[in-house]
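Here is how the chains run, residue by residue.
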Amino acid sequence: MAFKEHTRDGGERWRLQGAVYLFIFQFIFVHQLKAQIRYSIPEEMKKGSLVGNIAQDLGLDLKRLRSGRARIVTGENIQYVELKADKGTLVVHERIDREQLCGEVTPCSFAFEILLEKPMELHPVTIEVLDINDNAPTFQNSHLKFEISESAVLGSRFVLEIADDADVGENGLQNYILSPNDNFVLKQHVNPDGSKYAEMVLQKPLDREEQPRLSLKLLAVDGGNPQRSGTVNIDVNILDANDNAPVFNQSLYKASVVENAPKGTYIVTVNASDIDSGSNGRIEYSLSKSKAGIADLFNIDQATGLIYVAKEIDFEKDKKIEFRVEAKDQGGLTDSSKVEIEVIDVNDNAPVINVMSFTSPVSEDAPAGTTIGIINVKDLDSGGNGQISCKIEGHVPFKIKSDVRNYYALITDAALDRENLSECNITVIASDAGSPPLSTKRTFYLKVSDVNDNNPVFPQGSYSAPITENNTPGVSILSVNAKDPDENQNARVSYILEECEISGSPVSEYVSINAESGVLHAVRSFDYEQIKQLVFTIKAQDGGSPPLSSNVTVKVMIQDQNDNPPQVLYPVQTGGSLVAEMVPRSADVGYLVTKVVAVDVDSGQNAWLSYRLQKATDRALFEVGLQNGEIRTIRQVTDKDAVKQRLTVIVEDNGQPSRSATVIVNVAVADSFPEVLSEFTDFTQDKEYNDNLTFYLVLALAVVSFLFITCLVVIISVKIYRWRQSRVMYHSNLPVIPYYPPRYSDTLGTGTLQHVYNYEVCRTTDSRKSDCKFGQAGSQNVLIMDPSSTGTMQRIQSERSILDEPDSPLEVS
């Protein structure tokens, strides 16, 4: 580029500056633009299809592609190809539709650059997209209606709708075919731009009385393989009497319009005449069927033929617009003419900022001068209106730098600190040199990524929490929470139980922790009597790489619950015998009869025991110590006091709710043992102390009934078994000597044997008789006090003896 100054020797200065800038331009392109590659591919290739080996074609090795951060830069919104830097190949990235990309422009291609850094290199690449026959010719309307006078002269022309085929070349529209008929033939024409349209030409006069209506079909075919086609139905209504068609005074109308002209702007007027008179000579103008979207840009006055703007026109899309207008009289006769409109460009485009690459987030430890983005700025205008300058708005630690034409790099201007600046908006302003200048702003949101340099921190140095014993497994004990000032994965804290043992078992058998929430749960139910507290360590670990962690000590104190009743150690309660404490009648006040001893395995106030007298034969005679359980007389014993005294003592703990145990103390007020025996014979018959007698009687009856039925079943089963065994032994030739235990005792007391016997049974194979040997029971010495017997106390003695004839047989059949 050169600058021109209006001075006397201005011509020489212009050439000098031009030479200097030409040298700089050549230097940049010699060092930056290395080579230009061109590929040809068909449209609609599958994503991932190979386009070419760019590394091989450019003479670059794969290491250079990786070290130079090779990437594709393009000014388009859609990136159709992708660079595989690890393989050095170009592959299809997005679906390529030639019709969408280029429309009717041929050849169709798109370009981009391969950008390398360190040193910066720019390699232009052009990819030509070849057309395939993927579109069939289409008509805008499914039906065309014509009204034609029967007096239409031979050779009258009727313009048909143009078929639109998005394909080009041989794949585009090639031919029109009209269904066979007697009245019309098809004539095809080619526009200067290569598009084709067809007209129906009347070759045989019409007779409305013979055939008032015709139904035809127009077929549009392309030249692809396989061939594609589209059809439209043509309905012809034959009118009467109008025998002259309108005629345009020009076959071509030319005009121009400025782009972005407002709606209603006048363009041109077309004129046609009809030599008929009256209603047959009245003409209506219309835009003929044309390509999709063209007719929508303009409107025409049906009566005057005035054409004006209907929609906004953009020079960048349509530089020249062509369409046909049609004049039709009331009899249905038509004529058509062509209109060409040239669009004049104006400076209406602001610079466009295209992002080639942008890296976000950027690590906070990135050094100054790190490239975070590359942008490309373009202006579709020309001259001074297309000259661009870029700057960054505001005060941010970034700057913009340009080393290649129209390409700018965003780089860091200072070291970053996420704790002070975690995110930032970078606004780039691109302005042209027009008057007034047009500008564009583009804001980039940059986030500074975190580096894992902070450990999780617990708000407390240690945690402690109580839990009551007999808890439900899975109950929550406490929740720990550690904070990490880092971000995202670096701040994601997981909680882990450190391995340790409690009472010889892993800590995981006692508690578990939710790795995400830090909630500590009990794995099982705790028993205070077995373990009093749990002490372990919880580790908080973040998700960084490498991960950082911190520990905290947790103490779980198990609280006692009143879940154990007092246990009476003395006096011992027996099932059948009665134990009585004797008090002489000469006992004075405060005489210590006995002491109730009880313990509670709970702790604290749950284990504090108190004693009180619930029932007594004579409440005025005895008292129980509230704290020590000592039973003492509270008055002098007299002769009138009953010999048998029964005391019911309740032992209660101090828990909430309290638990208790009951012990019965039998006291005999007597001076001699025989006196005690005479009084305690019927002691257990006292109704006051046998409140549950009915229950035990019913239970005994049920047990006896069950045993009786069981015995019947067993006896029948044994009988059947013995009968079957005898049948087997009767027919067997082998000796059978069954073995029975050497001693058998009827310990249940429900059979007929009252003593212990020894016996053995011998059987032979030829006899169904058995010999039984048995002996007498041994002797036992027992001293009992049986409340159910009719006597007082009995001493039963039986001496063990052996029969004089132990081998005397007992025949059992």
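Cut-offs used in this document
Residue numbers here run from 1 along each chain, matching the order of that chain's written sequence. In view of the model being predicted, local features appear only for residues whose pLDDT reaches at least 70, and side-chain atom pairs are presented and counted only at 80 or more, with totals across whole chains, interfaces and linings using the full set of residues. The side-chain quantities take in all heavy atoms of the structure and omit both hydrogens and water. Each helix is a run of DSSP H or I of at least 4 residues and each strand a run of E of at least 2, with the numbering of both proceeding from the N terminus. Only protein chains enter the accessibility calculation, which uses a 1.4 Å probe. A residue is then buried if its area is under 20% of the maximum for its type, exposed if over 50%, and partly exposed in between. Note on contacts: a residue pair is in contact if any heavy atoms of the two residues lie within 4.5 Å. Residue-level accessible areas treat just the shown protein chains as cover; the underlying method is Shrake-Rupley with a 1.4 Å probe. Strands were regarded as paired on the criterion that DSSP finds at least two bridges between them. In this analysis, axes come from line fits to C-alpha atoms, helices being fitted only over the stretch in contact, and the angle between any two N-to-C directions falls in the range 0 to 180 degrees. The rule for a salt bridge is simple: a side-chain nitrogen of Lys or Arg has to be within 4 Å of a carboxyl oxygen of Asp or Glu. Defined by distance alone, a disulfide is two cysteine sulfur atoms within 2.5 Å. Planes of paired rings set the category: under 30 degrees apart is stacked, over 60 is edge-to-face and the rest tilted, where pairs are Phe, Tyr or Trp rings (Trp by its six-membered ring) whose centres lie within 6.5 Å. Remark: nonpolar core denotes a set of buried residues (Ala, Val, Leu, Ile, Met, Phe, Trp, Tyr, Cys) joined through side-chain atoms within 4.5 Å. Note on charges: Lys and Arg go in the positive column, Asp and Glu in the negative column, and His and the chain ends are not counted at all. By definition, no residue in a patch forms a salt bridge, and every one has over 30% relative accessible area; like charges are joined within 9 Å, nonpolar side chains (Val, Leu, Ile, Met, Phe, Trp, Tyr) within 5 Å. Residue-level confidence of the predictor is summarised by pLDDT, bounded by 0 at the bottom and 100 at the top.

Details of the overall build of the protein
Summing up its helical and strand segments, the protein has 6 helices and 54 strands in all. Burial status across the protein gives 37% buried among its 813 residues. Contacts spanning at least 24 positions in sequence make up 65% of the contacts within the protein whose residues lie at least 6 apart. As displayed, the protein has an accessible area near 47,000 Å², and 51% of this comes from carbon and sulfur atoms.

Some points on the sheet that holds strand β29 (residues 407–412)
Read from one edge to the other, the open sheet built from 4 strands follows the order β24-β26-β29-β28, with strand pairing classed as antiparallel. Edge positions in the open sheet fall to β24 (352–358) and β28 (398–404), since each of these has one partner strand only. Neighbour to neighbour, the strand axes of the sheet diverge by 30° on average, direction disregarded. Note that β28 and β29 share 5 bridges and pair antiparallel. Following the sheet pairing, Lys401 is matched in β29 by Ala409.

A few points about the pattern of salt bridges
For the coordinates displayed, the defined rule picks out 22 salt bridges. Two residues, Arg64 and Glu121, come together in a salt bridge whose shortest N-O distance is 3.4 Å. Linking Arg64 in helix α3 (residues 62–67) with Glu121 in strand β7 (residues 121–130), this pair joins segments that are 57 residues apart in sequence. Both residues of the pair, Arg64 and Glu121, count as buried. Across the salt bridge formed by Lys447 and Glu487, the nearest N and O atoms sit 3.6 Å from each other. Of this pair, Lys447 sits in strand β31 (residues 439–449) while Glu487 sits in the loop between β33 (476–479) and β34 (494–497), and the two are 40 residues apart along the sequence. Via salt bridges that share partners, Arg418, Lys447, Asp450 and Glu487 belong to a single interconnected network.

A word on the state of the cysteines
In total, this model carries 1 disulfide according to the counting rule given. Each sulfur of the disulfide joining Cys102 and Cys108 lies 1.9 Å from the other. With the S-S bond torsion at 70°, the cross-link from Cys102 to Cys108 turns out right-handed. Looking at Cys108, the relative accessible area reads 3%, which means it is buried.

A look at the sheet that holds strand β22 (residues 320–329)
The 4 strands lie next to each other as β16-β23-β22-β19, forming an open sheet whose pairing is mixed. Looking at which strands have only one partner, the edges of the open sheet turn out to be β16 (252–258) and β19 (283–287). Averaged over neighbouring strand pairs, the angle between their axes works out to 30° when direction is ignored. Strand direction decides the pairing type here: β16 and strand β23 (residues 334–344), joined by 7 bridges, are parallel.

Description of the side chain of Ser195
Here Ser195 lies in the loop between β11 (184–190) and β12 (196–202). Assessed through its relative accessible area of 15%, Ser195 is described here as buried.

With respect to the packing of aromatic side chains
Under the counting rule described, the total for this entry stands at 11 aromatic pairs. Summarising the aromatic geometry, the rings of Phe248 and Tyr253 are spaced 6.4 Å apart at their centres and angled 75° between planes, so their arrangement reads as edge-to-face. Comparing Phe248 with Tyr253, the two get one shared label, buried. Pairing Phe695 with Tyr696 gives two aromatic rings, centres 5.5 Å apart and planes at 65°, and the pair type is edge-to-face. One exposure class covers both Phe695 and Tyr696, and it is exposed. In textbook terms, an aromatic cluster arises when at least three aromatic residues are bridged by ring pairs, as seen for Tyr80, Phe110 and Phe112.

Digging into the nonpolar core
In terms of nonpolar packing, the biggest core is built from 29 residues, with Ile477, Val511, Leu520, Phe536 and Ile538 touching the most fellow members. Mapped onto this core, the elements with two or more residues apiece are β32 (462–468), β33, β34, β37 (511–513), β38 (519–522), β39 (533–541) and β40 (549–559).

Some remarks on the side chain of Glu43
Along the polypeptide, Glu43 turns up in the loop between β1 (37–42) and β2 (50–52). Buried and unpaired, Glu43 has Arg98 as its nearest opposite-charge partner, separated by 4.8 Å. For Glu43, the contacting residues outside a window of four places in its chain are Ile96, Asp97, Arg98, Glu99, Val129, Leu130, Asp131, Ile132, Asp134 and Asp167.

Some details on a nonpolar patch on the surface
Nonpolar side chains collect at one region of the surface, where Phe695, Tyr696, Leu699, Val703, Phe706 and Leu707 lie side by side and expose about 610 Å² of accessible area between them. By relative accessible area, which is 40% here, Val703 ends up partly exposed.

So, unusual backbone geometry
Of note, the amide linkage connecting Lys118 to Pro119 takes the cis form, showing an omega dihedral of -5°. Among the structural elements, Pro119 can be located in the loop between β6 (108–116) and β7. Along the chain, Tyr570 connects to Pro571 via a cis peptide bond; the corresponding omega equals 0°. With a phi close to 50°, Arg69 is a non-glycine residue in the positive phi region. Here the phi dihedral of Ser503 falls at roughly 55°; this positive angle occurs in a residue that is not glycine. Residue position: Ser503 is located in the loop between β35 (501–502) and β36 (505–506). We classify Ser503 as exposed; its relative accessible area is 61%.

Quick notes on the environment of Asp486
Along the chain, Asp486 falls in the loop between β33 and β34. Between the alpha carbons of Asp486 and Asp450 there is a distance of 6.4 Å; along the sequence they are 36 residues apart. Not counting residues up to four positions away in its chain, the partners in contact with Asp486 are Arg418, Asp450, Val451, Asn452, Asp453, Asn454 and Ala491.

Here we look at the confidence of the model for the protein
Model confidence for the protein is summarised by a mean pLDDT of 79, while 81% of its residues fall at 70 or above. Confidence over residues 1–33 falls short of pLDDT 50; this stretch has 22 contacts with residues more than four positions distant or in other chains. Between residues 734–813, whose pLDDT stays under 50, and residues either more than four places distant or in other chains, the model counts 103 contacts.

Quick look at the environment of Glu326
On the secondary structure map, Glu326 appears in strand β22. On the basis of relative accessibility, which here comes to 15%, the residue Glu326 falls in the buried class. In this structure the C-alpha to C-alpha distance between Glu326 and Val247, which are 79 residues apart in sequence, comes to 9.8 Å. With near-sequence residues (within four places) excluded, Glu326 lies in contact with Val159, Phe248, Glu284, Tyr285, Ser286, Ser288, Thr334, Asp335 and Ser336.

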